[in-house]
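Tertiary structure, described
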Amino acid sequence: MSIQAISNHAAQGTLEIVLAGGARRTLTHAALRASCRCADCTALRRAGTPLQADHAIRLLAIEPVGAYGVQLFFSDRHDRGIYPWIYLEQLSAAPAPLP
Ligand SMILES: [Zn+2]
């Protein structure tokens, strides 16, 4: 994994990612929520319903999942998403979603 650290900035609604080498990237909580890959969210996406996450959504807690990634707990009570490190890195490399 090339993610060295993550830190949650709840007030700004962003998750900061520090990559190996020190590069810093920022993901919004709303973008993370919209990118959830749990079975429910994946089914919605496959059904053609893009996930819309309110910008007021906040990431409340982050739990490690072994060495694999993290489980994210959101303020809309959605907590089923597991985010592998590589997925977080990929998300952070994507262009920012439109407001
Ligand atoms: Zn989900």
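Look up: the structure comes first, before these words.
All values derive from a computational prediction rather than experimental measurement.

1. Details of the environment of Leu88
Here Leu88 lies in helix H3 (residues 85–93). A relative accessible area of 0% places Leu88 in the buried class. C-alpha separation for the pair Leu88 and Gly69, spaced 19 residues apart in sequence, amounts to 8.5 Å. If we ignore the near neighbours within four places in the chain, the residues touching Leu88 are Ile3, Ile17, Leu27, Leu32, Val70 and Tyr83.

2. Thoughts on the coordination of the zinc ion
Within the first shell, the zinc ion binds the protein through Cys36 (SG), Cys38 (SG), Cys41 (SG) and His78 (NE2), at distances of 2.1 to 2.3 Å. Each of the 4 donor atoms bound to the zinc ion contributes to angles spanning 101 to 117°, and the resulting shape is tetrahedral. All donor residues of the zinc ion come from one chain, and their arrangement in sequence is C-x1-C-x2-C-x36-H. You'll find Cys36 and Cys41 in the same group, each marked buried.

3. Considerations on H3
When H3 is considered as a whole, its buried residues turn out to be Trp85, Tyr87, Leu88, Leu91 and Ser92. Along the axis of H3, the buried residues cluster in a sector spanning 160°; they form a single face. Opposite the buried face of H3, by more than 90 degrees, sit the exposed residues Ile86 and Ala93. Contacts from the buried residues of H3 go to strand E1 (3–9), strand E2 (14–19), strand E3 (24–28), helix H1 (29–34), strand E5 (69–74) and strand E6 (82–84).

Quick notes on the rules
- Residues numbered from 1 in each chain as written.
- Predicted model: local features only at pLDDT ≥ 70, side-chain atom pairs only at ≥ 80, totals over all residues.
- Heavy atoms only, no water.
- Helix = DSSP H or I, 4+ residues; strand = E, 2+ residues; numbered from the N terminus.
- Buried < 20%, exposed > 50% of the residue type's maximum accessible area, 1.4 Å probe, protein only.
- Contact = heavy atoms within 4.5 Å.
- Donors = N, O, S within 2.8 Å, 3.2 Å for Na, K, Ca; no water.
- Tetrahedral: all angles 85-135°; square planar, octahedral: opposite > 155°, others 65-115°.
- Arc of directions from axis to C-beta.

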